[in-house]
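# Working through the structure, step by step
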Amino acid sequence: MAEAGKGVTAGKLAVTVQKRLSRAQEKVMQKLGKADETKDVVFEEMVANFNKQMGEGTKLQRDLKAYLAAVKTMHETSRRLQDCLADMYEPEWFGKEEMDAVVEEMIEKEMDNNLEDTDTMWLDFHQNITDSSVPSMDSYLTQFPEIKARIAKRDRKMVDFDSARHHFSSLQKGKKKDEAKIAKPAALLEMAAPSWAQGLLSAHQVAQTNLSYNQAEEELGRAQKIFEELNVELQDQLPVLWDSRVGVYVNTFQSLAGHQERFHKEMSKLSQNLNDIMTKLEEQRQLKNDGTTATKTIATAKSEEANHSQAATSPTSPASNSSEYELPPGFLYKVKAIHEYAATDGDELELTIGDLVLVLAIDNPDEQDDGWLMGVQESVWIRTKDISSKGVFPENFTQKV
């Protein structure tokens, strides 16, 4: 059994080597112009489109993976930047004693949540591309190696077909010559062989010629059948594959664009949140600075009041130092608007940044809402002295002056 196995292997190897030699010889003859070559211009154009399509798909796959790697790198660098910001954000910067601890804690919580949401958005964006765009391109490109191998096989079978065709053609020409020779036996053969033997010799030559001719014809038929089957299959498959590239590109880039749109839309919200947090920090710093300046101003005013007590119109009023007009009843102190506020009810006061408001005591403190003050615009009071123009407004939209 072992010897038989070796014989089969050796036989197959010999056949393979013989085919390669025959193909090489056929190609040489075709290049030298001594043998014609089967040409199919339409199929050659299909193969050119196939090679172009495979090259474009491979490049798109490579660039898509490079984009994915860049997203991962951007995520990592963004995370390091956000971590740096989180590490630098310390409550001690503004002084715990002067700051509202509740507000400070709220801002810290907002920033922590914002950084976590940013990290999650990057992870989701990377995962969505990994799960949709990349696998579709990988699946699309898996069909090219098998088709490329079949094209190469078709080219080899076409050379086999040409070789068999040329061999059969040469035998046809040789058969005609042999028939002419058999019809006119050589003089020596006629002289040497008896008459009864000449018919046998002629029959043997005819049989040998017919055997070679029939074998060549069968080989040509087999080669032609294999070549044409491969050729027809590829002619059906290559145009379909060529047309499929449009759908693949559309699906890939639509998916990528959709993920990008959602990612950047959500990231813009988080970026705006981070910007708002930084704005709050700046406002706190400004309030701290303004509070320090106000403290110094009050101390200076008190010193001047002590030196000019005879000129004070209302020693018990916090705003009497800088007021040369009659203050409204129930006046407590003055504030300045640091944010705009649009009144939503008839008893509310409209605020514009920079407005000065005279804060008044509420007749019934039990009716006062937390975080809201009662007051009248200073400019309106000076102009009209109309206490009915008073209204309520949010305290956190103002600061004391």
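Notes on the structure in this doc start here.

### Regarding the overall build of the chain
Each helix and strand counted, the chain has eight helices and five strands in total. The N-to-C order of helical and strand elements in the chain reads α-α-α-α-α-α-α-β-β-β-α-β-β. Relative to its full complement of 401 residues, the chain shows a buried share of 29%. Taking contacts inside the chain between residues at least 6 apart in sequence as the whole, the part at least 24 apart equals 73%.

### Quick look at the pairing of strand S3 (residues 372-377)
A regular strand places its side chains on the two faces of the sheet in alternate fashion. Taking burial as the measure, the six residues of S3 include five buried ones, the bulk of the element. Direction of pairing for strand S2 (residues 356-360) relative to S3: antiparallel, over a ladder of four bridges. The partner of Val-357 across the bridge, within S3, is Gln-377. Relative to strand S4 (residues 391-394), S3 runs antiparallel, the two being bridged by four bridges. Within the sheet, the bridge partner assigned to Gly-375 lies in S4 and is Gly-391.

### Here we look at unusual backbone geometry
Residues other than glycine seldom take positive phi values, yet Lys-385 does so here, at roughly 55°. Within the fold, Lys-385 resides in the loop between helix H8 (378-384) and S4.

### With respect to the nonpolar core
With 28 residues, the main nonpolar core has Phe-50, Phe-144, Ile-147, Ile-151 and Leu-238 as its most contacted residues. Elements that contribute at least two residues to this core include exactly helix H2 (41-88), helix H3 (101-131), helix H4 (133-141), helix H5 (143-183) and helix H7 (195-307). The element that contributes the greatest number of residues to this core is H2, accounting for nine residues. Apart from residues lying up to four places away in sequence, Phe-50 is in contact with Phe-144, Ile-147, Lys-148, Ile-151, Leu-238 and Leu-241.

### Some thoughts on the pairing of S2
Counting buried residues in S2 gives four out of five residues, a clear majority hidden from the surface. Both strand S1 (residues 331-337) and S2 contribute to a ladder of five bridges, which runs antiparallel. In the sheet register, Phe-331 faces S2, and the bridge partner there is Leu-360.

### A closer look at the side chain of His-259
Examined against the element boundaries, His-259 turns out to sit in helix H7. The class for His-259 is buried, based on a relative accessible area of 12%. A distance of 3.1 Å separates polar atoms of two side chains, one belonging to His-259 and the other to Ser-132. Within the local environment of His-259, its side chain forms a polar contact with the side chain of Arg-262, the two groups lying 2.8 Å apart. If sequence neighbours within four positions are ignored, His-259 has contacts with Phe-125, Asn-128, Ile-129 and Ser-132.

### A word on H4
Residues of H4 that are buried include every one of Ser-133, Val-134, Met-137, Tyr-140 and Leu-141, and no others. Buried residues in H4, looked at end-on, bunch into an arc of 125°, giving them a common side.

### Concerning the sheet that holds S2
Judged by pairing direction, the sheet is antiparallel, and its five strands sit side by side in the order S4-S3-S2-S1-S5 without closing on themselves. Where the open sheet ends on each side, the last strands, each with one partner, are S4 and strand S5 (398-400). Going from strand to strand, the sheet's axes swing by 50° on average, the running direction of each strand aside. For S1 and S5, the ladder comprises three bridges, and the chain directions are antiparallel. Counted as the bridge partner of Val-335 is Lys-400 from S5.

### Some remarks on the packing of aromatic side chains
For the coordinates displayed, the defined rule picks out seven aromatic pairs. With 5.7 Å between their ring centres and 5° between their planes, Phe-161 and Phe-227 make a pair best called stacked. Here Phe-161 is found in helix H5, whereas its partner Phe-227 is found in helix H7, with 66 residues between them in sequence. Among the residues examined, Phe-227 registers a relative accessible area of 7% and is labelled buried. The interplanar angle of 75° and the centroid separation of 6.1 Å between the aromatic rings of Tyr-341 and Trp-372 together place this pair among those described as edge-to-face. Of the two residues, Tyr-341 sits in the loop between S1 and S2 while Trp-372 sits in strand S3, which places them 31 residues apart along the sequence. Site record: aromatic cluster; members linked through ring pairs are Phe-50, Tyr-140 and Phe-144. Note that Arg-154 overlies the ring of Phe-43, its terminal NZ or CZ placed 3.7 Å from the centroid.

### A short note on the pattern of salt bridges
All told, the structure shown has eight salt bridges when counted by the stated rule. Where Glu-378 meets Lys-334, a salt bridge forms, and the shortest distance between an N and an O atom there is 2.8 Å. Within this pair, whereas Glu-378 is found in helix H8, its partner Lys-334 is found in strand S1, the two being separated by 44 residues in sequence. Taking relative accessible area as the criterion, Lys-334 reaches 11% and is therefore assigned buried. Shared partners join several salt bridges into a network, and the residues in it are Glu-146, Arg-150 and Glu-233.

Calculation criteria
Residues numbered from 1 in each chain as written. Predicted model: local features only at pLDDT ≥ 70, side-chain atom pairs only at ≥ 80, totals over all residues. Heavy atoms only, no water. Helix = DSSP H or I, 4+ residues; strand = E, 2+ residues; numbered from the N terminus. Buried < 20%, exposed > 50% of the residue type's maximum accessible area, 1.4 Å probe, protein only. Contact = heavy atoms within 4.5 Å. Pairing = 2+ DSSP bridges. Core = buried A, V, L, I, M, F, W, Y, C linked by side-chain atoms within 4.5 Å. Polar contact = N/O pair within 3.5 Å; in protein donor to acceptor, adjacent residues only side chain to side chain. Arc of directions from axis to C-beta. Axes fitted to C-alpha atoms, helices over the stretch in contact; angles between N-to-C directions. Phe/Tyr/Trp six-rings, centres within 6.5 Å; stacked < 30°, edge-to-face > 60°. Lys NZ or Arg CZ within 6 Å of the ring centre and 35° of its normal. Salt bridge = Lys/Arg side-chain N within 4 Å of Asp/Glu carboxyl O.

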